[in-house]
Amino acid sequence: MVKSKYETGVLPKLGLVEAWAREGLAERQIARNLGISMSTLGAYKQRHEDLREALERGKELVDLEVENDLLKKCRGYNAPVKKTYKLREIEYDPETGKRVREYERLEPAYDEVHVSADLSAIQFWLSNRRPDRWQYKPEGRRQEEDEDEGGGVVVLTSVMETPDPPEEESGHGDG
């Protein structure tokens, strides 16, 4: 029995297809890597569940990683940074107290820096994840108001009611 092009050219490469999707390749590039056209890939996806699942598994993992990274950028985070410090060392003669030798050496060390929250990431997250509460142009805003504000500025406002201010803590004063 003669095997189809799918069985000979695509099926043995399903692991690669999943890896390519995980690496973020577009389906057009995956089709090119398989040596097939985009329309053929579409037809194969409709007929072969294993191909569909390989693509979905690969995309799902990378999508989750990107979503986690976006959330991290929205919140801000601390990151380790490797720095190199120049240290000067001086040796003294213990009997005379005179300087015997002086030299410099490089010493690697880790420092921690804070990466502030990214306003664009926050805006993107809220407007896409919570459009019922956060939107670019709140309903009821007139077009004339937008034109008077100087164009190009996106104002993100909460649709929620303003929360009560935090209660003042007592007993922690200087007095």
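Summarised in this report is the structure supplied together with it. If you're wondering where the values come from, they're calculated on a predicted model, not measured in any experiment.

Now for the overall build of the protein chain. The number of helices and strands found in the protein chain is seven helices and four strands. The 175 residues of the protein chain split such that 17% are buried. Summed over all atoms, the accessible surface of the protein chain reaches about 14,100 Å², with 49% contributed by carbon and sulfur.

The topology assignment puts A109 in strand β2 (residues 99-115). Separated by 26 residues in the primary sequence, A109 and K83 place their C-alpha atoms 5.5 Å from one another. The contact partners of A109, leaving out residues within four places of it in the chain, are V81, K82, K83 and Y85.

Attention now moves to the pairing of β2. Looking at chain direction, strand β1 (residues 77-92) and β2 are connected through 16 bridges and run antiparallel. Looking at the pairing, R88 lines up with E104 of β2. Hairpin connection of β1 to β2: six residues between the antiparallel strands, including G97 at a positive phi of 80°.

Cut-offs applied
- Residues numbered from 1 in each chain as written.
- Predicted model: local features only at pLDDT ≥ 70, side-chain atom pairs only at ≥ 80, totals over all residues.
- Heavy atoms only, no water.
- Helix = DSSP H or I, 4+ residues; strand = E, 2+ residues; numbered from the N terminus.
- Buried < 20%, exposed > 50% of the residue type's maximum accessible area, 1.4 Å probe, protein only.
- Areas by Shrake-Rupley, 256 points an atom, 1.4 Å probe, with all protein chains shown as cover.
- Contact = heavy atoms within 4.5 Å.
- Pairing = 2+ DSSP bridges.

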